[in-house]
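A closer look at the structure
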Amino acid sequence: MSLQFSESDSPGFLTNLTAMAINTGNDKALAPYGVTGAQWTVLWLLSERKADTPKTIAAYLNIDTGATSRLLARLQHKGLIETVPNPDDRRSVIVHRTARAAKLYPKLREAIAASVEHAFTGISRTELTAFKRILLHVLENQTAPRR
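Residues numbered from 1 in each chain as written. Predicted model: local features only at pLDDT ≥ 70, side-chain atom pairs only at ≥ 80, totals over all residues. Heavy atoms only, no water.

This brings us to the overall build of the protein. Of the regular secondary structure elements, the protein holds 6 helices and 2 strands. In sequence order, the protein lays out its α and β elements as α-α-α-α-β-β-α-α. Projecting the C-alpha coordinates of the protein onto the three principal axes gives extents of approximately 50 × 40 × 25 Å. Per-residue burial for the protein yields a buried fraction of 23% across its 147 residues. Here the analysis covers contacts within the protein between residues at least 6 apart in sequence; of these, 48% occur between residues at least 24 apart. (Helix = DSSP H or I, 4+ residues; strand = E, 2+ residues; numbered from the N terminus. Buried < 20%, exposed > 50% of the residue type's maximum accessible area, 1.4 Å probe, protein only. Contact = heavy atoms within 4.5 Å.)

What follows is the structure, given as structure tokens:
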């Protein structure tokens, strides 16, 4: 199937524009707490036990190790994370939330929920389910080997 799109209605362009708008909304929602969307994602990863080393955090966020180090340093400076030596790898550390981050986390989660709710205002559950299904299908296509 050959699809034709102009630059302004390209699904890739619109997806990227939408992601940037959602990220900006999340940043605004989190600003009162002194946390950015990227920092929230790290706290979420730690809270949900999806990643706990700089390497796994970098992989999840799809950013390089230098950017990850800077992101973690900012969170550490804010007193929201701490690191301990990794007993399985002397070259790495394990990243943990601090008690302060654990206490702040429910407020951050609420702010993100409100931001996402705002972003999807006027979109029915059926439409949202279809949208998510399409996004997951695109992700699957893009991560599968090309034939």
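Next, the rest of the story.
It is worth spelling out helix H5 (residues 99-119) at this point. When the terminal C-alpha atoms of H5 are compared, their 31 Å separation across 21 residues agrees well with the 30 Å that a helix rising 1.5 Å per residue should span. Among the residues of H5, Ala101, Leu104, Tyr105, Leu108, Ala111, Ile112 and Ser115 are the ones counted as buried. Taken together, the buried residues of H5 touch helix H1 (11-30), helix H2 (37-47) and strand E2 (93-97). (Expected span 1.5 Å × (residues − 1).)

Here we take up the packing of H2 against helix H4 (residues 65-77). One way to put it is that H2 packs onto H4 with a least axis distance of 10 Å and a crossing angle of 85°. On the basis of the axis angle, H2 is roughly perpendicular to H4. Contacts between H2 and H4 involve Ala38, Gln39, Val42 and Leu43 on the former and, on the latter, Leu71, Leu72, Arg74 and Leu75. Along the lines of polarity and charge, the residues of the contact of H2 with H4 split into 6 nonpolar, 1 polar and 1 charged. (Axes fitted to C-alpha atoms, helices over the stretch in contact; angles between N-to-C directions. Parallel < 35°, antiparallel > 145°, perpendicular 65-115°, else oblique. Nonpolar A, V, L, I, M, F, W, Y, C, P; charged D, E, K, R; others polar.)

As a packed pair, helix H3 (residues 54-61) and H4 sit with axes 9 Å apart at the nearest point and diverge in direction by 110°. Here H3 is positioned roughly perpendicular relative to H4, judged by the angle of their axes. Facing H3, whose interface residues are Pro54, Ile57, Ala58 and Leu61, H4 presents Thr68, Leu71 and Leu72. For the contact of H3 with H4, the per-class residue count stands at 6 nonpolar, 1 polar and no charged.

If you walk through the whole model with that rule in mind, you get 2 salt bridges. Its salt-bridge partner being Glu48, residue Arg109 comes within 3.5 Å of it at the nearest N-O pair. Residue Arg109 is located in helix H5, and its partner Glu48 is located in the loop between H2 and H3; the two are separated by 61 residues in the primary sequence. For Arg109, a relative accessible area of 40% gives the class partly exposed. (Salt bridge = Lys/Arg side-chain N within 4 Å of Asp/Glu carboxyl O.)

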